[in-house]
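# Results of the structural survey
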Amino acid sequence: QVRLVESGGGLVQPGGSLRLSCAASGSIFSIPAMGWYRQAPGKQRELVARINSGGTYTNYPDSVKGRFTISRDNAKNTVYLQMNSLKPEDTAVYFCNRFGGLPWDWGQGTQVTVSS
């Protein structure tokens, strides 16, 4: 059983920045490839960043490329998402989970609201 706890969300003005954290705990030997996902009201959950197990490969959709950066600290079983130049359309609940394979149980997510 793996538990995921996301944190770091909040209210920020357009153009601002936030850094999200995702702490994984439980029955894991090592964290596999991970992804950050988001879900806006009335929309499907979408992948916004992914990183391989070693932290040497990352990938982003065009909507966030150049603005978001995913990283990880395997010693702490934690994955991060640095979000810069935030836009109102980035408003959503952000989640982390493994990338590929069956997802673990989803955490509660962290709300990001971009508004002036």
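The coordinates are above.
Read on for a plain summary of the structure. This is a predicted model, so every value here is computed, not measured.

## Considerations on the packing of aromatic side chains
Scanning the entire structure with this criterion turns up 2 aromatic pairs. Taking 5.3 Å as the distance between ring centres and 85 degrees as the angle between the ring planes, the aromatic pair formed by Tyr37 and Trp106 counts as edge-to-face. Within this pair, whereas Tyr37 is found in strand 4 (residues 34-39), its partner Trp106 is found in the loop between strand 9 (92-98) and strand 10 (110-114), the two being separated by 69 residues in sequence. Tyr37 gets classed as buried once you look at its relative accessible area, which sits at 12%. For the pair Phe95 and Trp106, a centre-to-centre distance of 5.9 Å together with 85 degrees between the ring planes defines the contact as edge-to-face. Placement of Phe95 in strand 9 and of Trp106 in the loop between strand 9 and strand 10 is noted, with a sequence separation of 11 residues between them. Cluster of aromatic residues (ring-pair linked, three or more members): Tyr37, Phe95 and Trp106. Taking the ring centre of Tyr80 as reference, the NZ or CZ of Arg19 above it sits at 4.0 Å.

## Concerning the pattern of salt bridges
Under the counting rule described, the total for this entry stands at 4 salt bridges. A salt bridge links Arg38 to Glu46; the nearest nitrogen and oxygen atoms lie 2.7 Å apart. Residue Arg38 is classed as buried on the basis of its relative accessible area, which comes to 7%. Measuring nitrogen to oxygen at the nearest pair gives 2.7 Å for the salt bridge that ties Asp90 to Arg67.

Criteria and thresholds
Residues numbered from 1 in each chain as written. Predicted model: local features only at pLDDT ≥ 70, side-chain atom pairs only at ≥ 80, totals over all residues. Heavy atoms only, no water. Phe/Tyr/Trp six-rings, centres within 6.5 Å; stacked < 30°, edge-to-face > 60°. Helix = DSSP H or I, 4+ residues; strand = E, 2+ residues; numbered from the N terminus. Buried < 20%, exposed > 50% of the residue type's maximum accessible area, 1.4 Å probe, protein only. Lys NZ or Arg CZ within 6 Å of the ring centre and 35° of its normal. Salt bridge = Lys/Arg side-chain N within 4 Å of Asp/Glu carboxyl O.

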